[in-house]
There are 2 protein chains.
Amino acid sequence: MEQAKPNPDNKPAMDVFQAIADPSRRKLLEMLGDEEMPVTAISSHFSMTRTAVSKHLRILTDAGLLTERKVGRETRYRLEPAPLQELKRWLAYYDRFWDNKMLALQRYVESSDDSQTSSS
Amino acid sequence: MEQAKPNPDNKPAMDVFQAIADPSRRKLLEMLGDEEMPVTAISSHFSMTRTAVSKHLRILTDAGLLTERKVGRETRYRLEPAPLQELKRWLAYYDRFWDNKMLALQRYVESSDDSQTSSS
DNA sequence: TTGACATGAAACCTTAGGGTGTCATATACT
DNA sequence: AGTATATGACACCCTAAGGTTTCATGTCAA
C-alpha cells in the first residue's frame, strides 16, 4: 500500500468530472479563461461568500483545472485547460453512438483544425 | 391520466454534468452502450447492492442518458447518448484554450497593461 | 394458485459537499 | 509602527448523495 499522500500538483487529487459537476465551478472556469484574477475580484461576481468561492477555487486547482500564482498579497487564478482533455477523451468514446454521419464530418473538421500552428 | 408532471422526458431533471460525476454511473454508461441490460444483470458487475445500482440508473435516466424499457418482469436499460452533446458543446468552448499559441499572445498583451503594475 | 424471480419504493444511516462566520497571517499603504 | 487589504485555515451547519435493508408489486413458471 502506498499512501504517503502523494499529491505533487501533477496527479489531480480531485476528479475532473466531479470538479465540473458544480455550476458555480463551471462559471469560475469560464470566468478565468480569459484572464487571471484574484480571489476578491472573482467573488464579486458571485452571491456566495469569498470563503466559499475560495473553496471552489481550491477544488478546481486540485483538479488541475486552475493554476494559482501569488502576486503580492493576492492570489491570482487562471484556467489550466489541460485536464479537460480527459473529458474530451471520455466523450470521444461515445462518438460512435451519435449519429454516424454527423460524426464523420465532425471528426474531419476536428482533425483539420487541430494539426496546424506549429510556429513561433 | 397525465398529471402534468413537469418532467416530460425531454427536459432532464438531472444535470448531465452531475450525472456523470459519479464513477459508478460512468461505468454504467459504458456498460450500457453496447447492449440493453436488465437491472440484475447490470448489478452483478458491481459490488454495491442492486437497489443502489437501481438508484444510479434512475439518476442517469432522469438526466436523459438512459432509456428504460420494460420487457416482461424486467426493466432493460440502454444508453441514450444525446445529452452528452451538451457536454461536448461545453467542452468545445474551451477548445480555443487547448491550442494556446494564440492564448499565449493574448496573455502577453493583457499582462502589459495590468499585471506588472507593481514596481519594486 | 403457489412460489420464485425482477424490480421499484420507502425508511433509514452516514458522509461528503456547499455554505457561513471568525480568526490568523502576510502584504501593502501612510 | 500601525492600519487596511487579501487570503487561507478552522470550526460549524445543514442538506444532498450514496449506500443498505426491508417491503410491496408485478410477472413468469409449475
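Source: prediction; values computed, not measured. (Residues numbered from 1 in each chain as written. Chains lettered and ligands numbered in written order. Predicted model: local features only at pLDDT ≥ 70, side-chain atom pairs only at ≥ 80, totals over all residues. Heavy atoms only, no water.)

Draft legend 1. Focus on the protein's contact with DNA strand C. Around DNA strand C, the surrounding shell holds 23 residues, and the nearest of these are Thr49, Lys55 and His56 of chain A together with Thr40 and Ser54 of chain B. Near-protein atoms of DNA strand C (within 4 Å) split between backbone and bases, with sugar and phosphate holding 65%. Contact between DNA strand C and Thr49 of chain A: a phosphate oxygen at 2.7 Å from a main-chain N or O atom of the residue. Thr75 of chain B is positioned such that a nitrogen or oxygen atom in its backbone is 3.3 Å from a phosphate oxygen of DNA strand C. Of all the secondary structure elements, the ones that give two or more residues to the surface near DNA strand C are helix H4 (50–62) of chain A together with helix H3 (39–43), helix H4 (50–62) and strand S3 (74–79) of chain B. Of the residues contributing to the surface near DNA strand C, the split by class is 6 nonpolar, 9 polar and 8 charged. (Near = heavy atom within 4 Å. Polar contact = N/O pair within 3.5 Å; in protein donor to acceptor, adjacent residues only side chain to side chain. Helix = DSSP H or I, 4+ residues; strand = E, 2+ residues; numbered from the N terminus. Nonpolar A, V, L, I, M, F, W, Y, C, P; charged D, E, K, R; others polar.)

Draft legend 2. Main features of the sheet that holds S3 of chain B. All names here are of chain B. The strand order across the open sheet built from 3 strands is S1-S3-S2, with neighbouring strands paired in antiparallel fashion. The strands lining the two open edges of the sheet, one partner per strand, are strand S1 (37–38) and strand S2 (66–71). Alignment of S2 against S3, held across 6 bridges, turns out to be antiparallel. Bridge pairing links Lys70 to Thr75 in S3. (Pairing = 2+ DSSP bridges.)

Draft legend 3. Fine view of the relation of the copies chain A and chain B. Under the fitted operation, chain A is carried onto chain B by 0.0 Å of movement along the axis and a turn of 179 degrees, and the coordinates agree to an RMSD of 0.1 Å. These values place the two chain copies in the arrangement generated by a two-fold rotation axis. Interface overlap between copies is the fraction of interface residues in one copy that are interface residues in the other; for chain A against chain B it reaches 79%, indicating a shared surface. (Least-squares fit on C-alpha atoms with pLDDT ≥ 70 in both. Contact = heavy atoms within 4.5 Å.)

Draft legend 4. How the structure looks around the packing of helix H2 (residues 23–34) of chain B against H4 of chain B. Residue and element names in this part refer to chain B. Viewed as axis vectors pointing N to C, H2 and H4 meet at an angle of 75 degrees, and their least axial separation amounts to 10 Å. Our classification of the angle between H2 and H4 gives roughly perpendicular. In this structure, H2 contributes Ser24, Arg25, Leu28, Leu29 and Leu32 to the contact, and H4 contributes Val53, His56, Leu57, Ile59 and Leu60. Its residues assigned to classes, the contact of H2 with H4 comprises 7 nonpolar, 2 polar and 1 charged. (Axes fitted to C-alpha atoms, helices over the stretch in contact; angles between N-to-C directions. Parallel < 35°, antiparallel > 145°, perpendicular 65-115°, else oblique.)

Draft legend 5. Geometry of the pattern of salt bridges. Residues and elements named next belong to chain A. Scanning the entire structure with this criterion turns up 12 salt bridges over all chains. Glu74 is paired through a salt bridge with Arg76; the nearest N and O atoms lie 2.9 Å apart. Using a relative accessible area of 29% as the deciding quantity, one classes Glu74 as partly exposed. Linked through salt bridges whose partners overlap, the residues forming this network are Glu36, Arg69, Glu74 and Arg76. (Salt bridge = Lys/Arg side-chain N within 4 Å of Asp/Glu carboxyl O. Buried < 20%, exposed > 50% of the residue type's maximum accessible area, 1.4 Å probe, protein only.)

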